[in-house]
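Now for the letters of each chain:
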Amino acid sequence: MGYYIDFNKITLEEFQRMLESTYLLPSQQIIAEDISERFQVLQSLGINNMQQLQQTLKNKDAVNRFSEKTSLPVDYLTVLRRMVNSYHPQPRIIKDYTVLSIEITDKLERMGIKTTPQLYDKVAAKADRNVLKKELDINDEEALLLARLADISRIRYVNPAFASLLLNSAYDTVIKIRNADYREMYEQLVKLNKDRRYYKGRINLKDMEFLINDTDYIPLDIEYEYDIMRIIKDNKINLMAMQESIRKPALYGKSTAKFWDDEYISEQMLKLHLDPEVESASKTEETIAAETSFIINWTGMDEEKAVLDLGCGPGLYVKKFAETGAKVKGIDLSQRSIDYANRYIKAGHENIYFTRMNYLDIDYAESFDIATLIFYDFCALNSTEQNRLLDKIHRSLKSNGVFIFDVVTVNRESSESTSISIWESGFWSPDPYVEIMNTFIYEKPRTEGTQYTIIAEDGSIKIIRLYHRLFEMAEIQKLLNDHHFKVENIYNNLKGESLTENSETYGIIARKAKKL
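Residues numbered from 1 in each chain as written. Predicted model: local features only at pLDDT ≥ 70, side-chain atom pairs only at ≥ 80, totals over all residues. Heavy atoms only, no water.

J.: For the overall build of the protein, give the residues involved together with the corresponding values.
T.: A count of helices and strands for the protein gives 20 helices and 13 strands. Its C-alpha atoms give the protein a radius of gyration of 25 Å, near enough to 24 Å, the size a compact globule of 516 residues would have. Summarising its shape, the C-alpha atoms of the protein cover approximately 70 × 70 × 45 Å along the three principal directions. When the 516 residues of the protein are sorted by exposure, 49% land in the buried category. In the protein, once contacts between residues fewer than 6 apart in sequence are set aside, the share between residues at least 24 apart is 66%. Carbon and sulfur atoms provide 47% of the accessible area of the protein, an area that totals close to 25100 Å². (Helix = DSSP H or I, 4+ residues; strand = E, 2+ residues; numbered from the N terminus. Rg over C-alpha atoms; globule rule 2.2 N^0.38 Å. Buried < 20%, exposed > 50% of the residue type's maximum accessible area, 1.4 Å probe, protein only. Contact = heavy atoms within 4.5 Å. Areas by Shrake-Rupley, 256 points an atom, 1.4 Å probe, with all protein chains shown as cover.)

Following this line, the structure appears as structure tokens:
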């Protein structure tokens, strides 16, 4: 768990896009001048991520030396240093938060907990939070308030006064802010602040958009008890909670539960992966055979090739690729899928390797000839994640390497709908539950979102959200070109079938190009 953004995981190109999309004060406008050319200079000197940049510009003397070495202006590098450091906000003093009682802050101080990072370490995990609760002799709600306070204090420019406003609103955690619609958040915060005057500064609509964007890279490590999401309270139905659980979320709003590693759900997911006749978690056995055959033939895959399969699941594609003799590495977020793959796919194959991790965090340098991302995984990512992944894949590929993936297109027919079903047991739980499935359509960019609201007998709620960005051909081509890929071929699918004007999917082969 980490209080701060992990600078090692943010590439220099990602940081450039962060700067291009953020609000710059007049004193910061120099950052936008010749940003592409200046960042190319940084990259040419081996600076590949924010951690390396921060270390290079660690103090004024380092800034001056680097300016002499590169001819980049000192005033530019000074502002750049400040911008990097702004993503690691200074620790806030807990006593400055008026939402906490003096009794609690005094107890925390006697325990040596004076700043928000120190508090974060004590409240991020449920077990640690329970220990702190006993030590402070506070109730569950007070312990949860401490967790939320430590959580939102990690956002740039959220000072104690603005934190007080957020903590008294519906936007009291990083994940809720990340999932928010900035217009709705603006209206609610302005109204609340007018009534109660938590924050003396002016709240602007654009500020809310940047606030939401700034949460993109903050780790969602705090373990919350989602009894916040409960529709039965004091033996009554909480209609507000019910309404909140089924409303249309902001585009790419996150799920409230990490269902990939839920003990029961991940077991059901694995069963779907392994069902040869069902296209759900994986494609059908027939489709996998056709797609792997096409990819192997197109790439000339053999024992000389190194292959990276992202989102590999239980390793069904990895197994086919490895039969060519290629060295194949599979990466997936699900521990259950990786455990299965290691036990049943890797066995007897010295050329197969599996790793459990988020593929957005890969950090390979010119290691693979071929990278694959199959079954429309790319469509499930938001724009920031798509940019980040393309940077990572480009870096991981050897010179002239290829990236092979598929996406869903705007030709796919979709419309908004709602269905309700009651289960004695099912995919989401072995116990009885109600499933409310909503399909939402977003226009900019065109995206289909599916939201499952799962209500257990005790009224507790889990919300699972899945997305499919629907691409036009020009959009995906531009995105690839912007990340230094040259599109070699676009097919109807990864079986290599010919494209038609009504294709609902694209199978894309893009080659790594040199950065200009």
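J.: So what's going on with the packing of aromatic side chains? Residues and values would help.
T.: Two descriptors summarise a pair of aromatic rings, namely the distance from one centre to the other and the angle between the planes of the rings. One pass over the structure, following the stated rule, counts 22 aromatic pairs. Ring centres of Phe15 and Tyr87 lie 6.1 Å apart, and the angle between their planes is 85 degrees; on these two criteria the pair is classed as edge-to-face. Of this pair, Phe15 sits in helix H1 (residues 12-21) while Tyr87 is found in the loop between helix H5 (74-86) and helix H6 (102-110), placing the two residues 72 residues apart along the sequence. Ring centres of Tyr340 and Tyr344 lie 4.7 Å apart, and the angle between their planes is 40 degrees; this geometry places the pair in the tilted category. Placement of the pair is Tyr340 and Tyr344 together in helix H18 (residues 335-345), with a separation of 4 residues, close to one helical turn. Residue Tyr340 is classed as partly exposed on the basis of its relative accessible area, which comes to 21%. With relative accessibility at 47%, the residue Tyr344 sits in the partly exposed group. Members of the aromatic cluster, joined through ring pairs, are Phe259, Trp260, Phe427, Trp428 and Tyr452. The ring of Tyr76 has Arg38 sitting right over it, with the charged end atom 4.4 Å from the ring centre. Taking NZ or CZ as reference, Lys248 lies 4.6 Å from the ring centre of Tyr442, over its face. (Phe/Tyr/Trp six-rings, centres within 6.5 Å; stacked < 30°, edge-to-face > 60°. Lys NZ or Arg CZ within 6 Å of the ring centre and 35° of its normal.)

J.: Could you give me a rundown of the packing of H1 against helix H19 (residues 383-396), with the residues and numbers involved?
T.: Contact geometry for H1 and H19: axes closest at 9 Å, N-to-C directions at 155 degrees. Taken together, H1 and H19 sit at an angle that is classed as roughly antiparallel. Here H1 runs over H19; the crossing is right-handed. Listed contacts from H19 to Glu13, Glu14 and Arg17 of H1 are Asn387, Arg388, Asp391 and Lys392. Grouping the amino acids of the contact of H1 with H19 by side-chain chemistry returns no nonpolar, 1 polar and 6 charged. (Axes fitted to C-alpha atoms, helices over the stretch in contact; angles between N-to-C directions. Parallel < 35°, antiparallel > 145°, perpendicular 65-115°, else oblique. Left-handed = near helix turned anticlockwise from the far one by under 90°. Nonpolar A, V, L, I, M, F, W, Y, C, P; charged D, E, K, R; others polar.)

J.: Can you lay out unusual backbone geometry for me, pointing to particular residues and giving the numbers?
T.: For the bond from Lys444 to Pro445, the omega torsion is -5 degrees, close enough to zero to count as cis. Tracing the backbone shows Pro445 in the loop between strand S9 (433-442) and strand S10 (447-456). Of note, the phi angle at His484 is positive, near 65 degrees, even though the residue is not glycine. Relative to the elements of secondary structure, His484 occurs in the loop between helix H20 (473-482) and strand S12 (485-491).

J.: Could you give me a rundown of the environment of Glu457, with the residues and numbers involved?
T.: Mapped onto the fold, Glu457 is located in the loop between S10 and strand S11 (461-471). Sequence separation of Glu457 and Pro432 is 25 residues, and the distance between their C-alpha atoms is 6.6 Å. Apart from residues lying up to four places away in sequence, Glu457 is in contact with Ile232 and Pro432.

J.: So what's going on with the nonpolar core? Residues and values would help.
T.: Formed by 70 residues in total, the largest nonpolar core has its most connected members in Phe15, Leu80, Leu119 and Leu146. With 7 residues, the top contributor of residues to this core is helix H9 (residues 140-152). Residue contacts for Leu146: discarding those within four places in its chain leaves Leu100, Ile104, Leu108, Leu119, Val123, Leu132, Leu136 and Ile138. Formed by 59 residues, the second largest nonpolar core is a distinct cluster that contains Leu360, Ile374, Phe375 and Phe485. (Core = buried A, V, L, I, M, F, W, Y, C linked by side-chain atoms within 4.5 Å.)

J.: Tell me about the pairing of strand S13 (residues 505-512), residues and numbers included.
T.: Burial runs high along S13: 8 of the 8 residues are buried. The sheet contact formed by strand S7 (residues 397-409) and S13 spans 7 bridges and is antiparallel. Looking at S13, one finds that Val407 is bridged to Tyr506. Two elements, S12 and S13, share 6 bridges in a ladder whose sense is antiparallel. Of the residues in S13, the one forming a bridge with Phe485 is Lys512. (Pairing = 2+ DSSP bridges.)

J.: Give a description of the pairing of strand S4 (residues 327-332) that names residues and reports values.
T.: Most of S4 sits inside the fold, with 5 of its 6 residues counted as buried. Here 5 bridges tie strand S3 (residues 306-310) to S4, and the two strands are oriented parallel to one another. The residue bridging Leu310 from the neighbouring strand is Ile331, located in S4. Read from S3 through helix H17 (residues 316-322) to S4, the crossover connection turns out right-handed. (Right-handed = clockwise from strand over helix to strand, strands pointing away.)

J.: Could you give an account of the packing of H9 against helix H10 (residues 160-167), with specific residues and numbers?
T.: Helix-helix packing: each pair is described by the crossing angle between the helix axes and the interaxial distance. Closest axis-to-axis distance for the H9/H10 pair is 10 Å, and the angle between their directions is 130 degrees. For the element pair H9 / H10, the angle class is oblique. Taken as a pair, H9 and H10 cross one another with a handedness that is right-handed. Together, Leu145, Arg148, Leu149 and Ile152 of H9 and Ala163, Leu166 and Leu167 of H10 make up the contact between the two elements. Broken down by class, the residue content of the contact of H9 with H10 amounts to 6 nonpolar, no polar and 1 charged.

J.: Please set out the pattern of salt bridges residue by residue, giving values where relevant.
T.: Inspection of the entire model under this criterion finds 27 salt bridges. When the shortest N-O distance is used, the salt bridge between Glu263 and Arg336 registers 2.9 Å. Pair noted here: Glu263 is in helix H15 (residues 263-274) and Arg336 is in helix H18, with a separation of 73 residues, a long-range link. The class for Arg336 is partly exposed, based on a relative accessible area of 22%. Between Arg412 and Glu448 there is a salt bridge, and its shortest N-O distance comes to 3.0 Å. (Salt bridge = Lys/Arg side-chain N within 4 Å of Asp/Glu carboxyl O.)

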